[in-house]
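The primary structure of each chain is shown beneath.
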Amino acid sequence: MKECFMRIEPENNSVSIVLIGDLNPAIFHPSWFVANNLLSKDDIESAEVEIIFKSIAVFKVGDWLRVQVEPNRFVAETTEPPFVRLHDLVVRTFREALIHTPIFKMGINRRVHFSVGDEESRNKIGKKLAPQEAWGEWASCINGKKDNKHGGMVSLSMRETGLNDRKTGHIQAKVEPSRLIKNEAGIFVEINDHYEISKDDSLAGATPIIDILGEQFDVSLRRSEWIIDQIMALKEKV
Amino acid sequence: MIEQTAANLTPYNETASPLGLGSTTQDQGFLLKFYESIVDDLSAAKRHGTPSVDTTYAKSSIPDIFPNKIPNPQETRYSFSVLQEWEGYVVSISTETFTARLTDVTRNCTIEEEEADFPLTDLEDADRLRISPGSIFRWVIGYRRSPGGTKDRSSRIVFRNLPAWTTKEIEKNRHDATEWASQLNVE
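A brief report on the enclosed structure follows.

## Looking at the overall build of chain B
Right, on to step 1. Check the secondary structure of chain B and you find four helices and five strands.
Right, on to step 2. Starting at the N terminus, the α and β elements of chain B follow one another as α-α-β-β-β-α-β-β-α.
Right, on to step 3. Taking all 187 residues of chain B together, the buried fraction comes to 36%.

## Describing the packing of aromatic side chains
Residues and elements named next belong to chain A.
Right, on to step 1. Counted by the stated rule, this structure contains 14 aromatic pairs over all chains.
Right, on to step 2. Measuring from ring centre to ring centre gives 5.7 Å for Phe28 and Trp32, while their planes differ by 55°; the resulting arrangement is tilted.
Right, on to step 3. Judged by relative accessible area, Phe28 falls into the buried class, the value being 1%.
Right, on to step 4. Given the relative accessible area of 19%, Trp32 is considered buried.

## Observations concerning helix H3 (residues 84–97) of chain A
Residue and element names in this part refer to chain A.
Right, on to step 1. Over its 14 residues, H3 extends 19 Å from the first C-alpha to the last, a length consistent with the 20 Å expected when each residue adds 1.5 Å.
Right, on to step 2. Across the 14 residues of H3, twelve count as buried, placing the element largely inside the fold.
Right, on to step 3. Those residues of H3 not exposed but buried are Val84, Arg85, Leu86, His87, Asp88, Leu89, Val90, Val91, Arg92, Thr93, Phe94 and Arg95.

## Thoughts on the sheet that holds strand E1 (residues 12–21) of chain A
Backbone hydrogen bonds are what pair the strands of a sheet, in a parallel or an antiparallel way.
Residues and elements named next belong to chain A.
Right, on to step 1. Read from one edge to the other, the open sheet built from nine strands follows the order E2-E3-E4-E5-E1-E6-E9-E8-E7, with strand pairing classed as antiparallel. A single partner strand is all that each edge strand has here, and the edge strands are strand E2 (47–53) and strand E7 (156–160). Across this sheet, the average inter-strand angle for adjacent strands is 10°, counted without regard to direction.
Right, on to step 2. Here E1 pairs with strand E5 (residues 73–78) via six bridges, running antiparallel. In the strand pairing of E5, Ser16 is matched with Glu77.
Right, on to step 3. Contacts from H3 reach E1, strand E4 (65–70), E5 and strand E6 (103–115) within the one sheet, and its direction differs from that of E1 by about 15°.
Right, on to step 4. The sheet contacts of helix H4 (residues 119–129) involve E7, strand E8 (168–177) and strand E9 (186–196), and relative to E9 the element is tilted by about 40°.

## Some details on the sheet that holds strand E1 (residues 79–93) of chain B
All names here are of chain B.
Right, on to step 1. A sheet is described by the order of its strands in space; here five strands give the open sequence E3-E2-E1-E4-E5, paired in antiparallel fashion. A single partner strand is all that each edge strand has here, and the edge strands are strand E3 (114–119) and strand E5 (151–159). For this sheet, the mean inter-axis angle between neighbouring strands, taken without regard to orientation, is 35°.
Right, on to step 2. In the sheet, strand E4 (residues 136–145) pairs with E5 via nine bridges, with the strands oriented antiparallel. Counterpart to Phe137 in the pairing with E5 is Phe159.

## Let's talk about unusual backbone geometry
All names here are of chain A.
Right, on to step 1. For the peptide bond that leads from Pro81 to Pro82, omega is 0°, which places it in the cis range.
Right, on to step 2. Along the chain, the position of Pro82 falls in the loop between E5 and H3.
Right, on to step 3. Positive phi, normally seen in glycine, also occurs at Asn37, with a value near 60°.
Right, on to step 4. Its location among the elements puts Asn37 in the loop between helix H1 (30–35) and helix H2 (41–45).

## Comments concerning the layout of surface pockets
Right, on to step 1. Roughly 1500 Å³ of internal volume is contained in the largest pocket.
Right, on to step 2. Forming the walls of the largest pocket are 37 residues, and the residues nearest its centre are Gly214 of chain A together with Glu87, Arg160, Trp165 and Glu169 of chain B.
Right, on to step 3. Secondary structure elements with two or more residues in the lining of the largest pocket: H3 and helix H7 (207–232) of chain A together with E1, strand E2 (97–104), E4 and helix H4 (167–186) of chain B.
Right, on to step 4. Among the residues forming the lining of the largest pocket, the class breakdown is 14 nonpolar, eight polar and 15 charged.

Thresholds applied
Residues numbered from 1 in each chain as written. Chains lettered and ligands numbered in written order. Predicted model: local features only at pLDDT ≥ 70, side-chain atom pairs only at ≥ 80, totals over all residues. Heavy atoms only, no water. Helix = DSSP H or I, 4+ residues; strand = E, 2+ residues; numbered from the N terminus. Buried < 20%, exposed > 50% of the residue type's maximum accessible area, 1.4 Å probe, protein only. Phe/Tyr/Trp six-rings, centres within 6.5 Å; stacked < 30°, edge-to-face > 60°. Expected span 1.5 Å × (residues − 1). Pairing = 2+ DSSP bridges. Axes fitted to C-alpha atoms, helices over the stretch in contact; angles between N-to-C directions. Contact = heavy atoms within 4.5 Å. 1 Å grid on protein atoms, 1.4 Å probe; cavity = no way out; pocket = protein on both sides within 12 Å on 5 of 7 lines; lining within 4 Å. Points joined across faces, edges and corners; volume = space filled by probe spheres on them. Nonpolar A, V, L, I, M, F, W, Y, C, P; charged D, E, K, R; others polar.

If you want it as structure tokens, here you go:
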């Protein structure tokens, strides 16, 4: 995989791992993670449970981990590098403690918010990604008539399929105006690196998907940052 | 691009992260799904007259099971942008420092090219107690940015909790070792 640096320093970063399968949310309590030697006793001191119920569990550990589990979805998210710590936790959870849990889909998600300096540059990038002329006669109306607000691209997704490294799955990028960065100068990009296995393979429990996570995590993040960098590069082209 | 939000016309993306403030499309879907699942449980329990989830006597009411606050997306907290990242393993430990061999992860290197000494005081208390020769860690340097926008250069060492080797990985390592050994014989 190519060496990659994102040319603009993101102002906000996160990585999440999403697993789709058959889960029991009620067991996902910080104490369960400590009992299974997946989190340390120090971790549990900073753990904060938002809700643990039969159909949903949400807790966070300090600033580095947020876990949310629903009957068919497990989400672990971090904003703190090194992101590999999230990989270690998820792989150990489903390889050592929940090995028989059927998991059949996985997403490795990279999200960043970055600034392109000013609103004008952001607008130009938006128009480059989604030219308004394509909307015909409506194009002249999109901007609106008020000085302080204008229309334009709200959300754009692009998907790559037919990848060689997986039987089924895709890579999907989404670009939107950032609501976190001030002065209307921010762009939000999310990359969803999505893997699927057949229901038959998922009868082997979590192992087939978790093996993919073990092999692909670092590669996936580097590729996602490379895709994000393509959007960052537009700042130099508009 | 614009300031306002618009209705979600894109298909629901199952494994995309559902927790983002930046997302104008997914927040609504996630929150709706979140509350629907709770309401479904409540109405099912009412229909079938099932007792509380707990086996002990517990007074149950809707306010009890709803969270005190709506899940807080992580984007509102401190953020850390990596400038450089290395993976290292501990070679030796003295009273005040430890020495490690480093592989540059940012440049996608696979061979250790550097060696460095780190003060033990840089480690978290738990890591200082468990460090031993061979321990593997990640070292990142970058900018730590507060929600208010101030940023400072920061360095962080985190020891890895590596999963146990799988049979497949052990087989691959044996195969690689055999291959390398045969190349050494040729030379």
